[in-house]
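Chain by chain, the residues run as shown.
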Amino acid sequence: MTLDVNDGTNSEELINNLQKLKAMGVEGVMVDTWWGITEPNTPWEHNMQEYDKLFTIIRNIGLKIQAVLFFYECGGNVGDDINIPLPRWVMNIGKTNPDIFFARMDERMPSFFRS
């Protein structure tokens, strides 16, 4: 399934697939929850609307949810077809304080937030 929760075009397909999983005895699903989607513009301004819709669908089917929070960017690797950057406000802070980021020695552009 796609990582992009904003793509509601396949909700029927998503529901059908989740119902098949439930029928096969699956008890729950894991959902990648990206910081760049939930708090993109301003600190403490969270937008969980699309995740809430997804969680409602999952719960209504009777599956458990394990939400995994990701505090780094998604994409940028070979074969990736999605890009979920760090929140803009974090990147703006990083321009004047690059020490907030974790970066490997061989990376020029930091991609991980130190939490």
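What this report covers is the structure whose coordinates are included nearby. Please read these numbers as outputs of a predicted model, since none were measured by experiment. (Residues numbered from 1 in each chain as written. Predicted model: local features only at pLDDT ≥ 70, side-chain atom pairs only at ≥ 80, totals over all residues. Heavy atoms only, no water.)

### Some remarks on the overall build of the protein
Here comes step 1: Per the secondary structure count, the protein includes four helices and four strands.
Here comes step 2: Per-residue burial over the protein gives 29% buried out of 115 residues.
Here comes step 3: Total accessible area on the protein stands at roughly 8200 Å², and carbon and sulfur atoms take up 52% of it. (Helix = DSSP H or I, 4+ residues; strand = E, 2+ residues; numbered from the N terminus. Buried < 20%, exposed > 50% of the residue type's maximum accessible area, 1.4 Å probe, protein only. Areas by Shrake-Rupley, 256 points an atom, 1.4 Å probe, with all protein chains shown as cover.)

### Some details on the packing of helix 1 (residues 11-23) against helix 3 (residues 49-61)
Helix packing geometry: the angle between the two helix axes and the distance between the axes.
Here comes step 1: Closest axis-to-axis distance for the helix 1/helix 3 pair is 10 Å, and the angle between their directions is 35 degrees. When the axes of helix 1 and helix 3 are compared, the crossing they make is right-handed. Across the interface between the two elements, Leu 14, Ile 15, Leu 18, Gln 19 and Lys 22 of helix 1 pack against Leu 54, Ile 57, Ile 58 and Ile 61 of helix 3.
Here comes step 2: Looking at the contact of helix 1 with helix 3, its residues break down into seven nonpolar, one polar and one charged. (Axes fitted to C-alpha atoms, helices over the stretch in contact; angles between N-to-C directions. Left-handed = near helix turned anticlockwise from the far one by under 90°. Contact = heavy atoms within 4.5 Å. Nonpolar A, V, L, I, M, F, W, Y, C, P; charged D, E, K, R; others polar.)

### Thoughts on the pairing of strand 1 (residues 28-34)
Here comes step 1: Along strand 1, five of the seven residues are buried, which leaves the element largely enclosed by surrounding structure.
Here comes step 2: Across seven bridges, the pairing between strand 1 and strand 2 (residues 64-70) is parallel. Its bridge partner lying in strand 2, Thr 33 is registered against Leu 69. (Pairing = 2+ DSSP bridges.)

### A few points about unusual backbone geometry
Here comes step 1: We note that Trp 44 has phi near 70 degrees; this positive angle belongs to a residue other than glycine.
Here comes step 2: Looking at the secondary structure, you find Trp 44 in the loop between helix 2 (35-38) and helix 3.
Here comes step 3: Among the residues examined, Trp 44 registers a relative accessible area of 75% and is labelled exposed.

### Points about the nonpolar core
Here comes step 1: Of all hydrophobic cores here, the largest spans 16 residues; its most connected members are Leu 18, Val 31, Trp 34, Tyr 51, Ile 58, Leu 63 and Ile 84.
Here comes step 2: Elements supplying a minimum of two residues to this core: helix 1, strand 1 and helix 3.
Here comes step 3: At five residues, the largest contribution of residues to this core is made by helix 3. (Core = buried A, V, L, I, M, F, W, Y, C linked by side-chain atoms within 4.5 Å.)

### Brief notes about helix 4 (residues 88-96)
Residues that lie three or four places apart on an α-helix share one face, since the helix turns once every 3.6 residues.
Here comes step 1: Inspection of helix 4 places Trp 89, Val 90 and Gly 94 among the buried residues, and these make up the whole buried set. Angularly, the buried residues of helix 4 cover 145 degrees about the axis, an arc narrow enough to put them on a single face. Structural note: helix 4 exposes Arg 88, Lys 95 and Thr 96 on the side pointing more than 90 degrees away from its buried face. (Arc of directions from axis to C-beta.)

### Some words on the side chain of Thr 33
Here comes step 1: Note on placement: Thr 33 falls in strand 1.
Here comes step 2: Owing to a relative accessible area of 4%, Thr 33 belongs among the buried residues under this scheme.
Here comes step 3: Apart from the residues within four sequence positions on either side, Thr 33 is in contact with Thr 38, Met 48, Tyr 51, Phe 55, Ala 67, Val 68, Leu 69 and Phe 70.

### Re the packing of aromatic side chains
Here comes step 1: Under the criterion given, the structure shown has six aromatic pairs.
Here comes step 2: Summarising the aromatic geometry, the rings of Trp 34 and Tyr 72 are spaced 5.5 Å apart at their centres and angled 90 degrees between planes, so their arrangement reads as edge-to-face. Of this pair, Trp 34 sits in strand 1 while Tyr 72 sits in the loop between strand 2 and helix 4; the two residues are 38 residues apart in sequence, bridging distant segments of the chain.
Here comes step 3: For Tyr 72, a relative accessible area of 30% translates into the label partly exposed.
Here comes step 4: Ring geometry for Tyr 51 and Phe 55: centres 6.1 Å apart, planes at 35 degrees, overall tilted. (Phe/Tyr/Trp six-rings, centres within 6.5 Å; stacked < 30°, edge-to-face > 60°.)

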